[in-house]
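A closer look at the structure
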Amino acid sequence: MANVNWRTINVDALDPDSPANFDLSSLTPAVAPVATADVQALAGQIRQLMRGGDNEGALQGALENPPYGADDRGKEVHLAAVIEILQSIRQSDMSPILQRIYSAPGGSEALDVLMKYIYKGMAQSSTVSATRNITPQATGFSQIHSRGGGEGGGQAMSVLLSWHEKLVEIAGPGSIVRVMTDRRTV
């Protein structure tokens, strides 16, 4: 008999019910491609609503049409519009607006989309400030500026954290789990 090392045989590859033989593409929902120009037009409509004083309508419009199929530039444009909306709403108006969105048809999904944008905004502001505040020194070490950067990133993070707090109060912690497990990205 031939020398076969039985410990190196992948038995999962031989089992048809094994997760190794499962097509992972079936887990990702199909999304329609969206052109960047369409996303920019939507962002323009959202900003027009904001200029008209309808911040709640602008937020609902942004959350009802997330550009899942857009390229990175389109997603950045829409993220900027959503963050601009969030920053324009006063803290005392956050809970009533979220409550009205939640009670509307499809409100839970809209709040999950908002949670995605909050997390994406938090990730974006932390990477921007981390790359901008490092100064190389002649000693070979880098100087990291933690105070007085002047970029205003702390204020944006504070707004996003306030929205996160209010959103978890209304939608519950299940929204966080749904956002973390959803494969569609904003």
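Residues numbered from 1 in each chain as written. Predicted model: local features only at pLDDT ≥ 70, side-chain atom pairs only at ≥ 80, totals over all residues. Heavy atoms only, no water.

Labelled according to an unreviewed UniProt entry, the chain appears under the name Actin-related protein 2/3 complex subunit 5, originating from Polyplosphaeria fusca. Comment text from UniProt for the chain, heading Sequence similarities (unreviewed entry), reads "Belongs to the ARPC5 family." The heading Subcellular location (unreviewed entry) in the UniProt record of the chain holds the text "Cytoplasm, Cytoskeleton". (UniProt positions renumbered as here; feature names shortened; annotations may be inferred.)

Moving on, we get to the packing of helix H2 (residues 55–64) against helix H3 (residues 72–88). Taken N-terminus to C-terminus, the directions of H2 and H3 make an angle of 150 degrees; their axes are 10 Å apart at the nearest point. As far as their axial angle goes, H3 and H2 are roughly antiparallel. The two elements H2 and H3 cross, and the hand of that crossing is left-handed. Residue-level inspection shows Asn55, Ala58, Leu59 and Ala62 of H2 in contact with H3, the latter providing His78, Val82, Ile85, Leu86 and Ser88. (Axes fitted to C-alpha atoms, helices over the stretch in contact; angles between N-to-C directions. Helix = DSSP H or I, 4+ residues; strand = E, 2+ residues; numbered from the N terminus. Parallel < 35°, antiparallel > 145°, perpendicular 65-115°, else oblique. Left-handed = near helix turned anticlockwise from the far one by under 90°. Contact = heavy atoms within 4.5 Å.)

Here we take up the side chain of His164. Here His164 lies in helix H6 (residues 153–171). For His164, a relative accessible area of 18% gives the class buried. (Buried < 20%, exposed > 50% of the residue type's maximum accessible area, 1.4 Å probe, protein only.)

The next point concerns the pattern of salt bridges. Pairing between side chains of opposite charge can happen when the charged atoms of each approach one another. Taken as a whole, this structure holds seven salt bridges when the rule is applied. Between Arg90 and Asp93 there is a salt bridge, with its nearest N and O atoms 3.0 Å apart. Judged by relative accessible area, Arg90 falls into the exposed class, the value being 57%. (Salt bridge = Lys/Arg side-chain N within 4 Å of Asp/Glu carboxyl O.)

Every buried residue of helix H4 (residues 91–103) is accounted for by Met94, Ile97, Leu98 and Ile101. Projected down its long axis, H4 carries its buried residues within an arc of 100 degrees, all on one side. The exposed set on the far side of H4, more than 90 degrees from its buried face, consists of Ser92 and Ser103. (Arc of directions from axis to C-beta.)

Note on placement: Ala123 falls in helix H5 (residues 107–132). The partly exposed category is assigned to Ala123, whose relative accessible area is 43%.

Counting residues in hydrophobic clusters, the biggest one holds 34 residues, and the most contacted among them are Leu59, Leu114 and Trp163. Elements with a contribution of two residues or more to this core: helix H1 (36–51), H2, H3, H4, H5 and H6. Per-element accounting of this core gives the leading share, eight residues, to H5. Ignoring sequence-local partners within four residues, the contact set of Leu114 consists of Leu59, Leu63, Leu86, Leu98, Trp163 and Leu167. If you look at the next biggest cluster of nonpolar residues, it comprises five residues, including Val39, Ala70, Val77 and Ala81. (Core = buried A, V, L, I, M, F, W, Y, C linked by side-chain atoms within 4.5 Å.)

Relative to each other, H2 and H4 sit at 45 degrees, their axes nearing to 11 Å. As far as their axial angle goes, H4 and H2 are oblique. With respect to the hand of their crossing, H2 and H4 are arranged in right-handed fashion. Within the contact between the two elements, H2 uses Glu56, Leu59, Gln60 and Leu63 and H4 uses Ile97, Arg100 and Ile101. In terms of residue class, the contact of H2 with H4 is made up of four nonpolar, one polar and two charged. (Nonpolar A, V, L, I, M, F, W, Y, C, P; charged D, E, K, R; others polar.)

Moving on, we come to H1. Here H1 contains 16 residues, and its C-alpha end-to-end distance of 22 Å stays within 8% of the 22 Å for a straight helix at 1.5 Å per residue. Among all positions of H1, only Thr36, Val39, Leu42, Ala43, Ile46 and Met50 are buried. Looking straight down H1, one finds its buried side chains confined to an arc of 120 degrees; they lie on one side. Relative to its buried face, H1 has exposed residues pointing more than 90 degrees away, namely Ala37, Gln45 and Arg51. Against the buried residues of H1 lie H2 and H3. Positive backbone phi, at 90 degrees, marks Gly53, one or two positions downstream of H1. (Expected span 1.5 Å × (residues − 1).)

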